[in-house]
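# Fold and geometry: a report
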Amino acid sequence: MKVHEFEKIVNKLGMETRNSRDRHAWFVHNGVTVVRTRRSQGNSKFLPEHKIRTQLKVNESQFSGLISCSVSKQDYINILTEKGLIPKMP
Amino acid sequence: MATAGTTPTIESANLFDQPGISFTKHSNLDVLQSQARGHVLPKSNVHAEFLSVAALPNARPERVLLGTIADPDLRVVRAIPLDVSVEDCAVLVSWTEIDEFGSGATMSEAIEDFSHSLREIYHRLNESGVRLGPDLISIKATIGQYVQRRHHESA
């Protein structure tokens, strides 16, 4: 995947980022850090799409939707909730 | 007194007309025996086999064990198993247990990339006051089995 696609996901989900050697991104929901991903900022510009997708806990179509416009932040929260990664609200 | 004899001069064209010099034409003037017409070449004892690049043996291992990470405050107490693969001309090392990876132009670069990433994740997951979801709690526990904070002894 491309760097701008990675950044699009990070911006859409409002992920917390930290730039060190790599660019780490953390998805925080209601004060709880739920998932994380990252991309390299070094010489290697290779972004392994399937690895990043796995870190974000989504399938291929959901991942494509995150890059495009078909999966919103709320949709993503719902996906993680269904997977049990975010506790359901009482 | 000895007198120097005159060396006879013989034209090359008349070489074979001179007494005592004869020319015999051989029927087979081929340089090598195998060049003779109708000669059946002997079977070679050299076995040649053409292989695709993908079928060639690879010096790069499929799995490596990582025993150190680039952080003086952390130590690896149990070797971390990394799967090695090549994708899009980049080397990728993966710790599938926690879905973490490192990439680079060489295996060394990929391992170094992974090492720095693991360091970052460790410190984030172990920050005081941080609240983690169930997946990251599991990842933190898994990393804790392999990596621990080093206790510096004062002199």
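Source: prediction; values computed, not measured. (Residues numbered from 1 in each chain as written. Chains lettered and ligands numbered in written order. Predicted model: local features only at pLDDT ≥ 70, side-chain atom pairs only at ≥ 80, totals over all residues.)

## Looking at the overall build of chain A
In terms of regular secondary structure, chain A is built from four helices and three strands. Secondary structure elements of chain A, listed N to C terminal, follow the sequence α-β-β-β-α-α-α. Against the globule reference of 12 Å for 90 residues, chain A gives a C-alpha radius of gyration of 13 Å, in line with a compact fold. Counting every position in chain A, which comprises 90 residues, the buried fraction comes to 30%. Here the analysis covers contacts within chain A between residues at least 6 apart in sequence; of these, 32% occur between residues at least 24 apart. (Helix = DSSP H or I, 4+ residues; strand = E, 2+ residues; numbered from the N terminus. Rg over C-alpha atoms; globule rule 2.2 N^0.38 Å. Buried ≥ 20, exposed ≤ 12 C-beta atoms within 10 Å, placed from the backbone. Contact = placed C-beta atoms within 7 Å.)

## Notes on the nonpolar core
Residue and element names in this part refer to chain B. Ranked by internal contacts, the top residues of the largest apolar core, which has 21 residues, are Leu 82, Val 93, Ala 110, Phe 114, Tyr 122, Ile 143 and Val 147. Sorting the residues of this core by element identifies β3 (80–87), β4 (90–95), α1 (107–125) and α2 (134–146) as the ones contributing at least two each. Among the elements that take part in this core, α1 stands out by supplying six residues, more than any other. Ignoring anything within four residues of it in the chain, the contact list for Val 93 reads Leu 82, Asp 83, Val 84, Phe 101, Gly 102, Ala 110, Ile 111 and Phe 114. (Core = buried A, V, L, I, M, F, W, Y, C linked by C-beta atoms within 7 Å.)

## A short note on the interface of chain A and chain B
Listed by partner, the interface residues are 23 residues for chain A and 23 residues for chain B. Of all the elements in the fold, those that place two or more residues in the side of chain A that touches chain B are β2 (22–29), β3 (32–40) and α2 (49–56) of chain A. Along the lines of polarity and charge, the residues of the side of chain A that touches chain B split into seven nonpolar, 11 polar and five charged. (Nonpolar A, V, L, I, M, F, W, Y, C, P; charged D, E, K, R; others polar.)

## Some thoughts on the sheet that holds strand β1 (residues 63–66) of chain B
Residue and element names in this part refer to chain B. What the four strands build is an open sheet, ordered β1-β3-β4-β5; its pairing is antiparallel. For this open sheet the edge positions go to β1 and β5 (100–104), each flanked by a neighbour on one side alone. Each strand of the sheet is rotated relative to its neighbour by a mean of 30°, with strand direction disregarded. As paired elements, β3 and β4 share five bridges and run antiparallel to each other. By the bridge assignment, Val 84 is partnered in β4 with Val 93. (Pairing = 2+ DSSP bridges. Axes fitted to C-alpha atoms, helices over the stretch in contact; angles between N-to-C directions.)

## Side note on the pairing of β2(A)
Residues and elements named next belong to chain A. The pairing of strand β1 (residues 16–19) with β2 spans four bridges and is classified as antiparallel. Across the sheet, residue Glu 16 finds its bridge partner in β2, namely Trp 26. Strand direction decides the pairing type here: β2 and β3, joined by eight bridges, are antiparallel. Bridge pairing links Val 28 to Thr 33 in β3. Counting the residues in the hairpin turn of β2 and β3 gives two residues, including Asn 30, whose phi is positive at 50°.

## A word on unusual backbone geometry
Of all residues except glycine, most have a negative phi; of all peptide bonds, most are trans. Phi at Cys89(B) takes a positive value of approximately 65°, unusual for a residue other than glycine. Its place among the elements puts Cys89(B) in the loop between β3 and β4.

## Topic: α1(B)
Helix length check: α1(B), at 19 residues, gives a terminal C-alpha distance of 27 Å against a target of 27 Å (1.5 Å per residue), a fit within 8%. All buried positions along α1(B) are accounted for by Ala110(B), Ile111(B), Asp113(B), Phe114(B), Ser115(B), His116(B), Ser117(B), Leu118(B), Ile121(B) and Tyr122(B). (Expected span 1.5 Å × (residues − 1).)

Keep in mind these numbers describe shape, not what the thing actually does.
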